[in-house]
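Fold and geometry: a report
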Amino acid sequence: MSEKTILRALAGERLPTPPIWMMRQAGRYLPEYRATREKAGDFLSLCYNPELAAEVTLQPIRRFGFDGAILFADILLVPQALGADLWFVTGEGPRLSTVTRQEDFDKLGPAADVHETLSPIYETVRILSRALPSETTLIGFAGAPWTVATYMIAGRGTPDQGPAHALKAENRPLFEALLDRITAATIEYLSAQVEAGAECVKLFDSWAGSLHGADFDAYALEPARRIIAELKARHPGLPVIAFPREAREHYIGFAQATGADCVAIDDSVEAAWAAEHVQPHACVQGNLASRHMVTGGADLVADTKRIVKALSGGPHIFNLGHGITPDADPANVQLMIDTVRGD
Ligand SMILES: Cc1c2[nH]c(c1CCC(=O)O)Cc1[nH]c(c(CCC(=O)O)c1C)Cc1[nH]c(c(CCC(=O)O)c1C)Cc1[nH]c(c(C)c1CCC(=O)O)C2
């Protein structure tokens, strides 16, 4: 039996203590991350520097002994590998050249060519698969097509994904062609991560919650189903985690119809609801509100225990409902871990 508890939970095993990792576990709340980031220069230079990217991936493993290590990279490297310009404005977030017209789309490269730009990321994965403790699972990742498209169409993050919804309404063939290109590139990228040593992969659909009805099925569920089916055809037995954030009742459909082994849930649904409706079909991950990593105390302990208890009847990986924020206190992360592990 594998000593990697995350792989066991992903295979459907109910463990006495759920394995733990945290979204954005390598990040600005850690002084050692800030020091390495300083050394690398900007954020993208850190992503494309295999030694330093591996170093920041390992930092939270050394400090907290998480059961999973997530590759340090970003979902927006795929648009960059397709030919979009990408840069990060400090304190504001990402900026990209936009894709709103056919001529913008025509400038993008083919999916098969993304490896040229992304090969340093595969080197980071290879370094990590040698360096990680034997009990730690190496998690690869990519953004889901809808979420990546929202950044490519708007050229930045948007509160309501308005520009992407507008392109979908005004030029659906172009919108769908863009989603298809991202889908194909994502399969290439994740497949190469697995060949380099990633033991499972996670698909981040951070903006899935702004899709409704038939759009949710066509642009969140169906691309995930296609990506997962192709990855599993190329890599039989590969476990996949899907995170359609704020999917509400659609979390059930994700567990039933995409082939995902695990569905990550945000903190807007109840863990007890997920235990009843999602966990019978897939491992459940997530749910603790990220703000507890800032505020700590008795509320953190109570909510952590509530989630562990609610999901104790089936396969469960403990995690936050979304990424940890830069203002979090590492002491609260330790308190969460001690609470889950009962130390
Ligand atoms: C939407 C999205 C992005 N990136 C990602 C998502 C999906 C998950 C989510 O919803 O949070 C995913 C991501 N981004 C990063 C990781 C690394 C692995 C991890 O530790 O989780 C992962 C898995 C590093 C990062 N990606 C980013 C940072 C901060 C960069 C810095 O060091 O300045 C990190 C550690 C930058 C980033 N990257 C992105 C934005 C909007 C920003 C700016 C916002 C911010 O500053 O937090 C795009």
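Calculation rules
Residues numbered from 1 in each chain as written. Predicted model: local features only at pLDDT ≥ 70, side-chain atom pairs only at ≥ 80, totals over all residues. Heavy atoms only, no water. UniProt positions renumbered as here; feature names shortened; annotations may be inferred. Helix = DSSP H or I, 4+ residues; strand = E, 2+ residues; numbered from the N terminus. Rg over C-alpha atoms; globule rule 2.2 N^0.38 Å. Buried < 20%, exposed > 50% of the residue type's maximum accessible area, 1.4 Å probe, protein only. Contact = heavy atoms within 4.5 Å. Pairing = 2+ DSSP bridges. Near = heavy atom within 4 Å. Polar contact = N/O pair within 3.5 Å; in protein donor to acceptor, adjacent residues only side chain to side chain. Areas by Shrake-Rupley, 256 points an atom, 1.4 Å probe, with all protein chains shown as cover. Nonpolar A, V, L, I, M, F, W, Y, C, P; charged D, E, K, R; others polar. Axes fitted to C-alpha atoms, helices over the stretch in contact; angles between N-to-C directions. Parallel < 35°, antiparallel > 145°, perpendicular 65-115°, else oblique. Left-handed = near helix turned anticlockwise from the far one by under 90°. pLDDT = per-residue confidence, 0-100. Arc of directions from axis to C-beta.

- Named according to an unreviewed UniProt entry, the protein is Uroporphyrinogen decarboxylase originating from Pseudooceanicola nanhaiensis.
- As recorded by UniProt, the Function (unreviewed entry) comment attached to the protein reads in full: "Catalyzes the decarboxylation of four acetate groups of uroporphyrinogen-III to yield coproporphyrinogen-III."
- Its UniProt record, at the heading Subunit (unreviewed entry), says of the protein: "Homodimer."

Examining the overall build of the protein
- A tally of helices and strands in the protein yields 16 helices and nine strands.
- Its C-alpha atoms give the protein a radius of gyration of 19 Å, within 12% of the compact-globule value 20 Å for 343 residues.
- Out of the 343 residues belonging to the protein, those deemed buried represent 57%.
- Here the contacts in the protein between residues at least 6 apart in sequence split such that 72% fall between residues at least 24 apart.

Focus on the sheet that holds strand β7 (residues 262-265)
- On the basis of which strands lie adjacent, the open sheet formed by seven strands has the order β1-β4-β5-β6-β7-β8-β9 and parallel pairing. Edge strands, defined here as strands with exactly one partner in the open sheet, are β1 (68-70) and β9 (316-317).
- Pairing analysis gives two bridges linking strand β6 (residues 240-244) to β7, with the strands arranged parallel. Looking across to β7, one finds that Ala-242 is bridged to Val-263.

Re the site of the ligand
- Not every one of the 23 residues close to the ligand is listed here, only the nearest: Arg-24, Tyr-33, Arg-37, Ser-206 and His-322.
- The backbone of Arg-24 places a nitrogen or oxygen atom 2.7 Å from an oxygen atom of the ligand.
- Between the ligand and the protein, one listed contact pairs an oxygen atom with a side-chain N or O atom of Ser-206 at 2.5 Å.
- In isolation the ligand exposes 870 Å². Once the protein is present, 87% of that is buried.
- Contributing elements (two or more residues each) for the shell around the ligand: α2 (31-40) and β3 (93-96).
- Looking at the shell around the ligand, its residues break down into 15 nonpolar, four polar and four charged.

Let's talk about the UniProt feature "site: Transition state stabilizer" (unreviewed entry) in the protein
- Here the UniProt-annotated "site: Transition state stabilizer" (unreviewed entry) positions come out as Asp-74.
- Within the secondary structure, Asp-74 sits in the loop between β1 and α5 (77-81).
- Other than its neighbours up to four places away in sequence, Asp-74 contacts Phe-43, Cys-47, Phe-88 and Phe-141.
- Looking at Asp-74, its side chain comes within polar contact range of the main-chain nitrogen of Leu-76, at 3.0 Å.

Concerning the packing of helix α7 (residues 115-131) against helix α10 (residues 172-196)
- One can describe the packing of α7 onto α10 by two numbers: an axis separation of 8 Å at closest approach and a directional angle of 30°. As far as their axial angle goes, α10 and α7 are roughly parallel. Both α7 and α10 take part in a crossing whose hand is right-handed. From α7, His-115, Leu-118, Ile-121, Tyr-122, Val-125, Arg-126 and Ser-129 reach across to α10, where they touch Glu-188, Tyr-189, Ala-192, Gln-193 and Ala-196.
- For the contact of α7 with α10, the per-class residue count stands at seven nonpolar, three polar and two charged.

Things to note about unusual backbone geometry
- Positive phi values are uncommon outside glycine, yet Arg-248 reaches one of about 55°.
- Mapping Arg-248 onto the fold places it in the loop between β6 and α12 (250-257).
- Backbone geometry places Asn-287, a non-glycine residue, at a positive phi of 100°.
- Within the secondary structure, Asn-287 is located in the loop between β8 (283-286) and α14 (292-295).

A few points about the pairing of β3
- In this sheet, β3 lies alongside strand β2 (residues 86-89) in antiparallel orientation, the contact comprising four bridges. Bridge pairing in β3 links Phe-88 to Pro-94.
- Taken together, β2 and the strand that follows it, β3, pair antiparallel across an intervening segment of three residues, in which Gly-91 is found at a positive phi of about 80°.

Looking at the confidence of the model for the protein
- Summing up the model confidence of the protein, the mean pLDDT is 97 and the portion of residues at 70 or higher is 100%.
- In the model output, the complex is listed with pTM 0.97 alongside ipTM 0.93.

Some words on the pairing of strand β5 (residues 200-205)
- Here β5 lies mainly inside the structure; six of its six residues are buried.
- Going residue by residue along β5, you find Cys-200, Lys-202 and Phe-204 tucked away on one face and Val-201, Leu-203 and Asp-205 tucked away on the opposite face as well.
- Two strands pair when backbone bridges link them, and strand β4 (residues 137-143) and β5 are joined in this way by five bridges, in the parallel orientation. Across the sheet, Phe-141 pairs through a bridge with Lys-202, a residue of β5.

So, α2
- Every buried residue belonging to α2 is among Tyr-33, Thr-36 and Ala-40, and all of these are buried. Down the axis of α2, the buried set is contained in an arc of 70°. They therefore lie on one face. Projecting away from the buried face of α2 at angles above 90 degrees are the exposed residues Glu-38 and Lys-39.
- Taken together, the buried residues of α2 touch α3 (43-47) and α4 (50-64).
- Following α2 by one or two positions, Gly-41 adopts a phi angle in the positive range, close to 100°.

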